Amino acid sequence: MSGVLAILEQRDGKLHKMALETVAAAQQFGAGLNLPVFAAVPGSKAAAEPLSGYKLDKVHAVEHDLLKDYTPDGYTAALRQLIEQHGPKYVIFPHTYQVRDYAPKLATALGRTLVSDVISHRIDGGALVLVRQLFQGKINADIRFEGDAPHFASVQAGAFRADNLQPGSAPIEVFQPRLEAAQIRTKPLEIFRESQRAVDLGAAEIIVSVGRGIREAENIPLVEKLAAALHAELAASRPICDNGWLPMERQVGSSGQTVAPKLYLAVGISGAIQHLVGMKGSKTIVAINKDPEAPIFEVADYGIVGDLFQVVPAIIEALGK
Amino acid sequence: MKIVAAIKQVPSRDSLLKVSPSGKWIEEADLSYEINEPDAYALEEALQLKEKLGGEVIAICAGPDRATQTIREALAKGTDRAIHIETSDQTPSDPLALARLLSSALEAEKPDLVLTGLQSDDFGYGQTGVVLAEIMGLPHATIIMNVEPESNGIKVKRELEDGWFQNVWMPLPALLTIQSGATKLRYATLMGIKRAKTKEIRKVQPAAAAQNAAIRLERIYLPEKSRRSQIFDGQPKEAAAQLIEKLRFEARVI
Ligand SMILES: Cc1cc2nc3c(=O)[nH]c(=O)nc-3n(C[C@H](O)[C@H](O)[C@H](O)COP(=O)(O)OP(=O)(O)OC[C@H]3O[C@@H](n4cnc5c(N)ncnc54)[C@H](O)[C@@H]3O)c2cc1C
Ligand SMILES: Nc1ncnc2c1ncn2[C@@H]1O[C@H](COP(=O)(O)O)[C@@H](O)[C@H]1O
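Bear in mind that the values here come from a model prediction, so they are computed numbers and not experimental data.

Side note on the overall build of chain B
The helix and strand inventory of chain B stands at 6 helices and 13 strands. C-alpha extents for chain B along the principal axes are approximately 65 × 40 × 40 Å. When contacts within chain B are restricted to residue pairs at least 6 apart in sequence, those whose partners lie at least 24 apart make up 68%. Of the roughly 11400 Å² of accessible surface on chain B, a fraction of 51% belongs to carbon and sulfur atoms. Computed over 33 positive and 35 negative side-chain charges, the separation of the two mean positions in chain B equals 3 Å.

Okay, here's the thing in structure tokens:
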């Protein structure tokens, strides 16, 4: 195969929402490096079907009874066989929670290092240079692979756009790995949801969202006042909900709710990727932060650089006028 | 139960970061440091499990001299002893190389459970725990919110995306990567701080043999601003008035 292989995720026979952008990334790497592009879907042939409509040399549906429920041992063993049999030069994943769970294990099993959470790439002297973020998005790093292929990378949600996908037609081929139940040491049990979602942030037109810049629980009323003045729902970054300063159901981000209101005001939120994925579809974004370098300003339409304890009261006052 | 907690020392969260002239790393001179946030939760989980089940908690940290401070804090909170892998100039920036260091320092320990944070605040690979599990031949689970000991293993609660969770059963020994925020962190007591001074910190020199690194960090830099935002950085009153004006008449969202 010696090409670029995109390994995708599915649950219950449906592709993960990052699947197509990962194929787009693989196609871009393939075009730049002049390599054919392949895809693989572990666990379900049905999930692989929609990929037949894209420009791919082949889609591997990796099927086995022991892959029906995800386990890191099962997935690693199966995909290792696929990789060893087909010898891709590059293996690309979406940086999902499931991929975080097994891709580093797979790379390690083959003596390689996965470059995780890549935001962009360029081709330099025929080689791939990957860009990833350090310090929660405050600094970027250029990374190159050393040594022999296969090289492993996972791409960040939203970094490569699915609308750049090249259509085409791809044959789907079943790959059956050799697996035994004894290889799988962990036992996946029930999947469940916990927080009662009494507030539907998805329906809110205006959201005031508060982060760790608020410092302590006693200061929450300040943003409550701002929310009231704007007739907005109140939301928060994860640490605020972890601390119990606001209920879990108000958490926005990859492990909370995804929202897209008309107006999203981020108050004292740094803009870590796990927060951004939950709100960057908002129509208008306002950021209030004392750090002019905070990553939240990258997605903001309007920003105030300053101390929220001065800025928020000033906004409340200005709204009253 | 013998539990190892991997803790990393990272620049404090609100640090203003500057890239060093070499472009290889940040200026470290004026920074203050703290424990990587999820690692504080990994350590807390370890201490709570020890309180429930008895046994021993061992902290392991690879870092330069300054990491001693973070190790002492862990000891003051109730960690029994620590292993400090002294990486004098720079800790490996390759999670595979780093996990190899951790694994060889842990060889003699044979822990029942290894806990790491799910991600470091500086490199942010989100990998070291999983890589370490593979090297040590342990089953693992990531992004763990809760650990329940059972007679023949443990049941853990894994965070999935979009507010979903999954329970997973696994045998021991095992490795878990711990998510922030699942429990309350304890503070060190005065007594704990005093006791910490007498606790063992085993110093380990990393094997000199450089690994064949599989990746190379070529350079670091501040992200180019694609800034499409209008910034108001005047006095709060003025900035607030400008913002409201824009929201009313330009964006027309209020
Ligand atoms: C697997 C995983 C899942 C996650 N899921 C989520 C999720 O769903 N949602 C989520 O939000 N996070 C999530 N996180 C956590 C995320 O990575 C960040 O740690 C978190 O979003 C940071 O929250 P914050 O911006 O409130 O805090 P910080 O990053 O600490 O930022 C605080 C900000 O406030 C500013 N500030 C401080 N004081 C003031 C002041 N006086 N005035 C103005 N500004 C001030 C600072 O400059 C800073 O930018 C997840 C992480 C992982 C690893
Ligand atoms: N230098 C280190 N010393 C001890 N533990 C570490 C070190 N680097 C990473 N870890 C552990 O591995 C986890 C994940 O780190 P990372 O893969 O860099 O995101 C951290 O939360 C720590 O628990």
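Structural notes on the confidence of the model for chain B
In low-pLDDT regions, the fine details of the predicted coordinates are not to be read closely. Averaged over all residues, the pLDDT of chain B is 94; the fraction at 70 or higher stands at 97%. Interface confidence in the predicted complex, given as ipTM, is 0.96; pTM for the same model is 0.96.

A word on the site of ligand 1
Lining the immediate environment of ligand 1, one finds 31 residues, of which Ser237, Ser255, Ser270, Gln274 and Asn289 of chain A sit closest. One chain alone does not account for the residues near ligand 1; they come from chains A and B. Between ligand 1 and Arg238 of chain A there is a distance of 2.9 Å, counted from an oxygen atom to a backbone nitrogen or oxygen. In the model, a nitrogen atom of ligand 1 is placed 3.1 Å from a nitrogen or oxygen of the Lys290 of chain A main chain. For ligand 1, whose free accessible area comes to 990 Å², the fraction covered by protein is 93%. Breaking the shell around ligand 1 down by element, the ones donating at least two residues are helix 6 (238-242), helix 7 (273-276) and helix 8 (308-320) of chain A. Considered class by class, the residues forming the shell around ligand 1 number 8 nonpolar, 17 polar and 6 charged.

Describing the environment of Ile144 of chain B
Residues and elements named next belong to chain B. Inspection of the secondary structure puts Ile144 in strand 7 (residues 140-150). Residue classification places Ile144 among the buried residues on the basis of a relative accessible area of 0%. For Ile144, the residues in contact, after removing those within four places along its chain, are Val156, Lys157, Arg158, Leu176, Thr177, Ile178 and Gln179.

Quick look at the site of ligand 2
All names here are of chain B. Of all residues adjacent to ligand 2, which total 19 residues, the nearest are Asp39, Ala62, Ser120, Gly126 and Thr128. Here an oxygen atom of ligand 2 and a backbone polar atom of Gln127 are 2.9 Å apart. The fraction of the free accessible surface of ligand 2 (490 Å²) that becomes covered by protein chains is 99%. At the level of elements, strand 4 (56-63) and strand 6 (113-117) are the ones that each hand at least two residues to the shell around ligand 2. By residue number, the principal contributor to the shell around ligand 2 is strand 4, which donates 3 residues. A breakdown of the residues in the shell around ligand 2 according to their chemical character gives 7 nonpolar, 10 polar and 2 charged.

Some details on the interface of chain A and chain B
Opposite the 87 residues of chain A that make contact, chain B presents 89 residues. In this structure, the connection of chain A to chain B is made through 9 salt bridges. Across the salt bridge formed by Arg238 of chain A and Glu159 of chain B, the nearest N and O atoms sit 2.7 Å from each other. For the interface between chain A and chain B, the tally reads 45 residue pairs in polar contact (both at pLDDT 80 or more). No other element matches helix 4 (residues 97-109) of chain A, which puts 8 residues into the side of chain A that touches chain B. By the bridge criterion, 3 bridges tie strand 17 (residues 302-305) of chain A to strand 13 (residues 230-232) of chain B in an arrangement that is parallel. Its bridge partner lying in strand 13 of chain B, Gly303 of chain A is registered against Ile231 of chain B.

Digging into helix 6 (residues 236-249) of chain B
Compared with an ideal rise of 1.5 Å per residue, which puts 14 residues at 20 Å, helix 6 of chain B spans 20 Å between its outermost C-alpha atoms and is within 8% of the ideal. If you check which residues of helix 6 of chain B are buried, you get Pro236, Ala239, Ala240, Leu243, Ile244 and Leu247 of chain B. Considered in projection along helix 6 of chain B, the buried side chains sweep an arc of 130 degrees and stay on one side of the axis. Opposite its buried face, helix 6 of chain B presents the exposed residues Lys237 and Phe249 of chain B, each directed more than 90 degrees away. Residues of helix 6 of chain B that are buried make contact with strand 15 (263-267), strand 16 (284-289), strand 17 and helix 8 of chain A together with strand 13 of chain B.

Some thoughts on the pairing of strand 4 (residues 37-42) of chain A
Residue and element names in this part refer to chain A. Here strand 4 lies mainly inside the structure; 6 of its 6 residues are buried. Along strand 4, one buried face is formed by Val37, Ala39 and Val41 and the opposite face, lined by Phe38, Ala40 and Pro42, is buried too. Where strand 1 (residues 4-7) lies against strand 4, 4 bridges are found, and the strand directions are parallel. What sits directly across from Ile7, in strand 4, is Ala40. Of the strand pairs in this sheet, strand 4 and strand 5 (residues 58-62) are connected by 5 bridges, and their pairing is parallel. Within strand 5, the residue paired with Pro42 across the bridge is Val62.

Conventions used here
- In this convention, every chain numbers its residues from 1, walking through the sequence in written order.
- All chains are assigned letters beginning with A, and all ligands numbers beginning with 1, in the order in which they are written.
- Reporting of local features is limited, given that this is a predicted model, to residues whose pLDDT is at least 70; pairs of side-chain atoms are given and counted only at 80 or more, and all residues count toward the totals for whole chains, interfaces and linings.
- Values reported for side chains reflect all heavy atoms of the structure, with hydrogen atoms and water molecules removed beforehand.
- A helix here means a DSSP run of H or I that spans at least four residues, while a strand means a run of E at least two residues long, and both kinds are numbered starting from the N terminus.
- Residues count as neighbours in contact if any of their non-hydrogen atoms are within 4.5 Å of one another.
- What sets the accessible areas is the Shrake-Rupley method with a 1.4 Å probe; for residues, cover comes only from the shown protein chains.
- Working convention for charge: Lys and Arg count positive, Asp and Glu count negative, and His plus the chain ends are omitted.
- To locate a charge, take NZ of a lysine, CZ of an arginine, CG of an aspartate or CD of a glutamate.
- Predictor confidence is given residue by residue as pLDDT, running from a minimum of 0 to a maximum of 100.
- A cutoff of 4 Å decides nearness: a residue is near a molecule or strand if any of its heavy atoms lies inside that distance of it.
- Pairs of N or O atoms within 3.5 Å make up the polar contacts considered here, provided that, within protein, one atom can donate a hydrogen while the other can accept it, and that residues adjacent in sequence are counted only when both atoms are side-chain atoms.
- In this classification, the charged set is Asp, Glu, Lys and Arg, the nonpolar set is Ala, Val, Leu, Ile, Met, Phe, Trp, Tyr, Cys and Pro, and all remaining amino acids, among them Gly, are polar.
- Three labels apply to residues, based on accessible area from a 1.4 Å probe with only protein chains included: buried if under 20% of the type maximum, exposed if over 50%, partly exposed otherwise in between.
- By definition here, a salt bridge exists when the distance from a side-chain nitrogen of Lys or Arg to a carboxyl oxygen of Asp or Glu is within 4 Å.
- Two strands are counted as paired when DSSP detects at least two bridges linking them.
- Multiplying one less than the number of residues by 1.5 Å gives the expected span of a helix.
- Arc, as used here, means the arc of the directions from the helix axis to the C-beta atoms.

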